[in-house]
Amino acid sequence: MSPNALCFGDEFPAAGAPCFVQVDTGGLTIAFESDEGDGVREATQFSALTVSAGGIDHDHLVVKWNNIRGERTLYLKNPDVIRAFREAVPDHLDAPLAQVAERVRQVRQRRRLVWGIVGGAILSSVLGLWLGSDILVEVAVSRIPVEWEQKLGESAYRDFLTHQDVVKEGPAVAAVEEMTHRLTEQIQNNPYSFQVTVVKSDVINAFALPGGYVVVFTGLMKKAENGEEVAGVLSHELNHVLQRHGLERIVKSVGLLTAVAIVFGNQQGLIGMMKQLGIELLTLKFGREQETEADLKGLELLQRAKIDPSGMIRFFERLSEKGEGRMEWLSTHPMSAARAERLKGELAALPKTLPVPFTFDWKQVQASLGSQPVAVP
Amino acid sequence: MKSEILYPGAFPMVRVELAAGENIKAESGAMVACSPTIDIESKMEGGFLGALSRKFLTGEKFFFQTLRASRGPGEALLAPTVPGEIAILELDGVNEYMVQKDGFLAGADAIVIESQMQSMSRGLLGGEGFFILKISGKGMLVLNSFGAIHKIELKPNQEYIVDNSHLVAWSTTTSYNIEKATSGWVASFTSGEGFVCRFRGPGLVYIQSRNPGSFGAWIRQFIPVSE
Ligand SMILES: [Zn+2]
């Protein structure tokens, strides 16, 4: 008789004792295998039993009772035994058994669904390769809900900030808040609630995570000659978020297959895949087209917010002129004269508006950061 | 079929003796040496979709090899790629194990290997990836680990917390929840180790004493980067 269940109890090994369960009219008989031919038998009444679902997929029927040797826990998976058990048990076990059956049915259904998704994904990635993958990436990105994007960005953001010296209040924070407010109120149908944090560090950098989490380093603020320059960088970063550039990169890196899986409704799979491939959100580099898009959309946003866009251009120009200092923004944002030139051209094409200055005094903001403004020749 | 672990410790091999006509499944690339009576067939386990899913989603295990003693009795020597211990488990038809994709080295012909998709939250957060192997059936199962292999025995409802990158295999009678690691467990979000598994018995959990991801990161610092 080959075993059809595992029995757990104090004297059994932790992996469980293989046993043969037989369902009788009044209860269960459990025969344990033994090396000396005739095995040990135990019997129990239905009235002594409690049942639940258990195991890694909750698809085992777990039956518990107590006898003189202590607690017994039986893990049943064999469909024949489970069927026989269901038919024989008295009423008091009906309700819990029905719950277990429902749970097992759900697990099976989910598995079918999941494989359906995978099958569909494989099929359509072949199709996707044929039709062009960029469209697919775009469709996949557009299917990812903003809340999910926020969850992803927020965990990276919080984790990053716990290791940083955050500037919590003062003129620098007030200034950045004013810039953010001026910019974000010009965004139509904005699904993001942007959070901008000032972090004390000499690196000349700022970055945006998917979901609208932005970090500006004090090094960047010290380097800038006026608020408009910082606002320019901020506007650029906000547009990386608005255009969902981070997600596009992630979807591209994890591959077409995942992109298709996302289109087919499995958005959450992405995080798992990302972790597997070791993509690090904080070091995500954008593509050249994405940078250009963030520049141009950033410029338009500045214009709408009545913030002088020449600050942005000027800052880019200065960054491209010299490589001194730890220009971290440069490592993710290769500056070229061409980039500033393109923006100049674009700006000339936009309708002229009269800029409205910020309410803060930039020299004061910089003084609050603890060092003299960097003199720029 | 008889099997024996040679050179137990960091650099072991398994010797499997096959009677005429017997065969064994082995991870592709596990074969070190064999008698001339043994034929190697590459075979997809679990049909087309199963093989595809393994290829795409759990790494290279597109094919398992079948080593068959078709021309008389013989033996085969098998070894894993990474340094680490080997454990041999005997499946009796009722106990089943979930095995992390790199943990499978070989198994008797009568064991059944399925690629299984983790539930969303597990695949999402667990380091073992979206697909793992579910191994059932009857006969020998050979696991390999990175570092030493350690067995944790859990009584019913007994709990144990494991860093998910150290998991090798676990009984299907266990259940687990993924939890965010508290600060003591983890360096940073980006190290990819932010989660631990809280296992609940009954059953066995096999863990490895080294974390492949951390080891890779440690190695990388010595590799000169060319710009
Ligand atoms: Zn950028």
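Residues numbered from 1 in each chain as written. Chains lettered and ligands numbered in written order. Predicted model: local features only at pLDDT ≥ 70, side-chain atom pairs only at ≥ 80, totals over all residues. Heavy atoms only, no water.

**Comments concerning the overall build of chain B**
This is how it is decided: Comment: elements are numbered from the N terminus, with helices defined as DSSP H or I runs of at least four residues and strands as E runs of at least two. Only the protein chains shown count as cover for residues, and all accessible areas are computed by the Shrake-Rupley method using a 1.4 Å probe.
In terms of regular secondary structure, chain B is built from 3 helices and 18 strands. As displayed, chain B has an accessible area near 9800 Å², and 57% of this comes from carbon and sulfur atoms.

**Describing helix H4 (residues 146–162) of chain A**
Residues separated by three or four positions in an α-helix point in the same direction, a consequence of the helix having 3.6 residues per turn. Heads up, the condition is: Given a helix with a known number of residues, its expected span is that number minus one, times 1.5 Å. The cut-offs for exposure are 20% and 50% of the maximum accessible area for each residue type, with area from a 1.4 Å probe on protein chains only; residues under the lower value are buried, those over the upper are exposed, and the others partly exposed.
Over its 17 residues, H4 of chain A extends 24 Å from the first C-alpha to the last, a length consistent with the 24 Å expected when each residue adds 1.5 Å. Three or more residues of H4 of chain A are buried, namely Val 146, Trp 148, Glu 149, Gln 150, Leu 152, Gly 153, Ala 156, Tyr 157, Phe 160 and Leu 161 of chain A.

**Topic: the packing of helix H11 (residues 288–304) of chain A against helix H14 (residues 337–349) of chain A**
Residue and element names in this part refer to chain A. What counts is decided by this rule: Note on geometry: axes are lines fitted to C-alpha atoms, helical ones only across the stretch in contact, with angles between N-to-C directions running from 0 to 180 degrees. For this classification, under 35 degrees means roughly parallel, over 145 means roughly antiparallel, 65 to 115 means roughly perpendicular, and everything else is oblique. Working rule for handedness: look at the near helix, and if it is turned counterclockwise from the far one by less than a right angle, call the crossing left-handed; if clockwise, right-handed. Any two residues having at least one pair of non-hydrogen atoms within 4.5 Å are treated as being in contact.
For the pair H11 and H14, interaxial distance at closest approach is 11 Å and the crossing angle is 40 degrees. Taken together, the axes of H11 and H14 lie oblique to each other. In this structure, H11 meets H14 at a crossing whose hand is right-handed. Judged by residue contacts, Glu 291, Thr 292, Asp 295, Leu 296, Leu 299 and Gln 303 of H11 engage Arg 339, Arg 342, Leu 343, Glu 346 and Leu 347 from H14.

**Some words on the sheet that holds strand S3 (residues 27–32) of chain A**
Residue and element names in this part refer to chain A. Put simply, the rule reads: For two strands to pair, DSSP has to find at least two bridges joining them.
Pairing is antiparallel in the open sheet, where 7 strands are placed in the order S4-S3-S2-S1-S7-S6-S5. Of all the strands in the sheet, just strand S4 (41–45) and strand S5 (50–54) have a single pairing partner and so form its edges. The mean inter-strand angle of the sheet, taken between neighbouring strand axes irrespective of direction, is 30 degrees. As defined by bridge partners, S3 adjoins S4 across 5 bridges and the pair is classed as antiparallel. Paired with Ile 30 across the two strands is Glu 42, which belongs to S4. Contacts from helix H1 (residues 79–88) reach strand S2 (17–23), S3, S5, strand S6 (60–67) and strand S7 (70–76), with the element oriented near 40 degrees to S2.

**Here's the deal with the sheet that holds strand S1 (residues 2–6) of chain B**
All names here are of chain B. Strand order in the open sheet formed by 4 strands is S1-S2-S7-S4, and the pairing between neighbours is antiparallel. The outermost strands of the open sheet, each flanked by one partner alone, are S1 and strand S4 (31–34). Looking at each pair of strands side by side, their axes are set apart by 20 degrees on average, direction ignored.

**Thoughts on the packing of aromatic side chains**
Worth spelling out the cut-off: Between the rings of Phe, Tyr and Trp (Trp by its six-membered ring), a pair exists once the centres lie within 6.5 Å; its type follows the angle of the planes, with under 30 degrees stacked, over 60 edge-to-face, and the other angles tilted.
All told, the structure shown has 12 aromatic pairs over all chains when counted by the stated rule. Each ring, one from Phe 12 of chain A and one from Phe 32 of chain A, has its centre 4.9 Å from the other, and the planes form 35 degrees; the classification is tilted. With Phe 12 of chain A in the loop between strand S1 (5–8) and S2 and Phe 32 of chain A in strand S3, this pair connects stretches of sequence that are 20 residues apart. Residue classification places Phe 12 of chain A among the buried positions, given a relative accessible area of 13%. Measuring from ring centre to ring centre gives 4.8 Å for Tyr 176 of chain B and Phe 199 of chain B, while their planes differ by 50 degrees; the resulting arrangement is tilted. Remark: Phe 199 of chain B occurs in strand S17 (residues 195–200) and Tyr 176 of chain B occurs in strand S16 (residues 175–180); sequence separation between them is 23 residues. Comparing Tyr 176 of chain B with Phe 199 of chain B shows no difference in burial state: the two are buried. Within the aromatic cluster, the residues linked to one another by ring pairs are Phe 358, Phe 360 and Trp 362 of chain A.

**A closer look at the pairing of strand S11 (residues 213–217) of chain A**
Note on strand geometry: in a regular strand, side chains alternate between the two faces of the sheet. Residues and elements named next belong to chain A. Across the 5 residues that make up S11, a large majority, 5, are buried. Of the strand pairs in this sheet, strand S9 (residues 195–199) and S11 are connected by 5 bridges, and their pairing is parallel. From the neighbouring strand, Gln 195 faces S11, where its bridge partner is Tyr 213. One ladder, built from 4 bridges, connects strand S10 (residues 206–209) with S11; its direction is antiparallel. Residue Leu 209 lies in a different strand from S11, and its bridge partner there is Tyr 213. In this antiparallel pair of consecutive strands, S10 and S11, the connection spans 3 residues, and Gly 211 shows a positive phi of 100 degrees.

**Re the confidence of the model for chain B**
Any segment with low pLDDT has predicted coordinates that should not be analysed in fine detail. Residues and elements named next belong to chain B. We count it as follows: The predictor rates its confidence in each residue with pLDDT, a number between 0 and 100.
In the predicted model, chain B carries a mean pLDDT of 79, and the fraction of residues at 70 or more is 74%. Counting interchain partners and residues more than four positions distant, the pLDDT-below-50 stretch residues 44–62 has 42 contacts. Predicted confidence is poor over residues 120–128, with pLDDT under 50, and the contacts of this stretch with residues over four places away or in other chains come to 32 contacts. Across the interfaces of the predicted complex, the ipTM metric reaches 0.76, alongside a pTM of 0.55.

**Focus: a nonpolar patch on the surface**
Quick reminder of the rule: Think of a patch as exposed residues, more than 30% relative accessible area, with no salt bridge, where like charges cluster within 9 Å and nonpolar side chains (Val, Leu, Ile, Met, Phe, Trp, Tyr) cluster within 5 Å. Definition used for salt bridges: Asp or Glu carboxyl oxygen within 4 Å of a side-chain nitrogen of Lys or Arg.
On the surface, Phe 215, Trp 218, Ile 219, Phe 222 and Ile 223 of chain B cluster together into a nonpolar patch covering about 510 Å² of accessible area. Structurally, the position occupied by Phe 215 of chain B is in helix H3 (residues 212–220).

**Describing the nonpolar core**
Which entries qualify depends on this criterion: The definition of a nonpolar core used throughout is a set of buried Ala, Val, Leu, Ile, Met, Phe, Trp, Tyr and Cys residues joined through side-chain atoms within 4.5 Å.
One finds Met 179, Leu 183, Leu 220, Met 221 and Trp 362 of chain A to be the most contacted residues of the largest nonpolar core, which totals 45 residues. Within the second largest apolar cluster, 38 residues are counted, among which are Ile 24, Phe 64, Leu 133 and Ile 135 of chain B.

**Remarks on the packing of helix H7 (residues 227–242) of chain A against H11 of chain A**
The packing of two helices is summarised by the inter-axis angle and the distance between the axes. Residue and element names in this part refer to chain A. What counts is decided by this rule: Classification convention: Asp, Glu, Lys, Arg as charged; Ala, Val, Leu, Ile, Met, Phe, Trp, Tyr, Cys, Pro as nonpolar; all other residues, Gly among them, as polar.
Two elements in contact, H7 and H11, have axes separated by 8 Å at closest approach and are oriented at 120 degrees. Classified by the angle their axes make, H7 and H11 are oblique. In terms of crossing hand, the pair formed by H7 and H11 is right-handed. Contacts from Ala 231, Gly 232, Ser 235, His 236, Leu 238, Asn 239 and His 240 in H7 reach Gln 290, Glu 291, Ala 294, Asp 295, Lys 297, Gly 298, Leu 301 and Leu 302 in H11. Of the residues in the contact of H7 with H11, the class split is 5 nonpolar, 7 polar and 3 charged.

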